[in-house]
Amino acid sequence: MTGTEAQGVIEAISQQRFKPYLDDCKGDRDAALRLYAWDGEIARAFHGPLRDLEVSLRNRLHRQLVGRYGRDDWWHAPRVRLSRVSENQVLDAEEGLQRKRPSGFGPDDMVANLMFGFWVGLLGKSNNYEFQFWQPALRHCFRGYVGRRSPLQREFESVRLFRNRIAHHERICHRRLEDDFRTVVELTRYLSPETAARHEKYSQVPEVLARRARVLCGDEEIRL
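Looking only at helices and strands, one finds 11 helices and zero strands in the chain. Ordered by position from the N terminus, the helices and strands of the chain form the series α-α-α-α-α-α-α-α-α-α-α. Along the longest, intermediate and shortest principal axes, the C-alpha atoms of the chain span 65 × 40 × 25 Å. The buried share of the chain, taken over its 224 residues, is 42%. Within the chain, residue pairs in contact and separated by at least 24 positions form 64% of the contacts whose partners lie at least 6 positions apart. Roughly 12500 Å² of accessible area belongs to the chain as shown, and the carbon and sulfur atoms make up 48% of that amount. Positive and negative side-chain charges of the chain, numbering 38 and 32 respectively, have mean locations separated by a distance of 6 Å.

Take the packing of aromatic side chains next. This model, assessed by the stated rule, comprises 13 aromatic pairs. With a centroid separation of 5.1 Å and an interplanar angle of 80°, the aromatic rings of Tyr21 and Tyr36 are classed as edge-to-face. In this pair, Tyr21 sits in helix α2 (residues 15-24) while Tyr36 sits in helix α3 (residues 29-69), placing the two residues 15 residues apart along the sequence. For Tyr21, a relative accessible area of 1% translates into the label buried. Clustering of aromatic rings is evident, with ring pairs tying together Tyr69, Trp74, Trp75, Phe118, Trp119, Tyr129 and Phe133. The side chain of Arg171 reaches across the aromatic face of Tyr21, ending 6.0 Å from its centre.

The subject of this paragraph is the packing of α3 against helix α11 (residues 205-216). When two helices pack together, you describe them by how their axes are tilted relative to each other and by the distance separating the axes. Following both chains from N to C, one finds α3 and α11 inclined at 180°, their axes separated by 10 Å at the closest point. The orientation of α3 relative to α11 falls into the category roughly antiparallel. On α11, the residues touching Ala31, Arg34, Leu35, Trp38, Glu41, Ile42, Ala45, Phe46 and Pro49 of α3 are Val205, Val208, Leu209, Arg211, Arg212, Val215 and Leu216. The class makeup of the residues in the contact of α3 with α11 is 12 nonpolar, no polar and four charged.

What counts and how
- Residues numbered from 1 in each chain as written.
- Predicted model: local features only at pLDDT ≥ 70, side-chain atom pairs only at ≥ 80, totals over all residues.
- Heavy atoms only, no water.
- Helix = DSSP H or I, 4+ residues; strand = E, 2+ residues; numbered from the N terminus.
- Buried < 20%, exposed > 50% of the residue type's maximum accessible area, 1.4 Å probe, protein only.
- Contact = heavy atoms within 4.5 Å.
- Areas by Shrake-Rupley, 256 points an atom, 1.4 Å probe, with all protein chains shown as cover.
- Lys, Arg positive; Asp, Glu negative; His and termini not counted.
- Charge placed at Lys NZ, Arg CZ, Asp CG, Glu CD.
- Phe/Tyr/Trp six-rings, centres within 6.5 Å; stacked < 30°, edge-to-face > 60°.
- Lys NZ or Arg CZ within 6 Å of the ring centre and 35° of its normal.
- Axes fitted to C-alpha atoms, helices over the stretch in contact; angles between N-to-C directions.
- Parallel < 35°, antiparallel > 145°, perpendicular 65-115°, else oblique.
- Nonpolar A, V, L, I, M, F, W, Y, C, P; charged D, E, K, R; others polar.

Encoded structure:
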């Protein structure tokens, strides 16, 4: 890449956004550009494990709460007392679906449209969720987990914030990504051991992590 080409890429990224990569590489512009590209590669590699964790969580929690309240739209059950935040998330999902599907939608559509934060929030302590949801129902969703609700919720919240960084194209190369991957796989294992085993065997994350040093020094090509 010529100097003019490199400057054009940096201008597209923006100087402000590029600066942390440049700082990490001690002012080496070419290495910083390679780090920026590698950051995008590792973010793409995390997409699969994060997707499957989110889908597994929402499906397991939904099925458990359908069984507890005896209706597919359990969030509207008379005995359910959602927090204000959760209520607003339900309303937002319903309004969004009404705009997209004016002819009607069902509970499965709602499950798919409720944000990851909604499901993670059900593991929190708002509105007595400990005794409303966790003790009678949701603790049974996590096979092999023997701890309390709050540490598990903190781990899911940490993963949710990590997932949001990726979704908003924020830098992740400064994180302990090996630990992030272990956490995602371990949380998935509580919900679906088969899915966790699949990611341990086939995920691209370990391979991309192992490429970092070789990419930064130019020994391996960047994968865009």
